[in-house]
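Descriptive structure summary
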Amino acid sequence: QVQLVESGGGLVQAGGSLRLSCAASGRTVSSYCMGWFRQAPGKEREFVAAISRNSISTRYADSVKGRFTISRDNAKNTVSLQMNSLKSEDTAVYYCAADGSGRYVPSEGSMRYDYWGQGTQVTVSS
């Protein structure tokens with residue numbers, strides 16, 4: 001099994017930046033597509049970004065495109081989410097997820113992911 005632990009969340013002013021990290025353990029996730037999701041109070045969990053093995057392809061939600069960047073370091077078994085130009089609408093708990101299947105194309109669907117972290121809170125204030 002794979003364990004995922006997110007870190008880097010916190011309180012930031014609108015327009016500021018944060019970098020989230022996801023550390024995987026249990027086994028290497030170098031062969032897995034990885035994703036970031038978020039859930040705001042009273043709303044459903046939504047897709048944020050995903051990345052393929054070897055970082056060949058990425059996908060982003062329209063709401064974060066151009067502001068967020070997903071990356072991975074397979075040697076360190078980690079995935080990151082750089083968040084710039086943060087807005088109040090970005091306030092949510094952010095989750096890291098791993099797709100344990102053999103697919104090559106990263107998915108936007110939460111049901112495609114087999115392993116999930118505990119989440120880290122991001123709060124953006126004006």
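Relevant structure appears above.
Computed from a predicted structure; not experimentally measured.

Remarks on the packing of aromatic side chains
- The full count for this structure, using the stated rule, is five aromatic pairs.
- With a centroid separation of 5.7 Å and 75° between ring planes, the pair formed by Phe 37 and Phe 47 is classed as edge-to-face. Here the residue Phe 37 occupies a position in strand β4 (residues 33-39), and Phe 47 occupies one in strand β5 (residues 46-51), the gap between them amounting to ten residues.
- Here the aromatic rings of Phe 37 and Tyr 113 are separated by 5.3 Å at their centres, their planes lie at 75°, and the arrangement is edge-to-face. Linking Phe 37 in strand β4 with Tyr 113 in the loop between β9 (92-99) and β10 (115-116), this pair joins segments that are 76 residues apart in sequence. Per residue, the accessibility class of Phe 37 equals that of Tyr 113, and both read buried.
- An aromatic cluster is built from Phe 37, Phe 47, Tyr 113 and Trp 116, whose rings are joined through pairwise contacts.

Rules behind the numbers
- Residues numbered from 1 in each chain as written.
- Predicted model: local features only at pLDDT ≥ 70, side-chain atom pairs only at ≥ 80, totals over all residues.
- Heavy atoms only, no water.
- Phe/Tyr/Trp six-rings, centres within 6.5 Å; stacked < 30°, edge-to-face > 60°.
- Helix = DSSP H or I, 4+ residues; strand = E, 2+ residues; numbered from the N terminus.
- Buried < 20%, exposed > 50% of the residue type's maximum accessible area, 1.4 Å probe, protein only.

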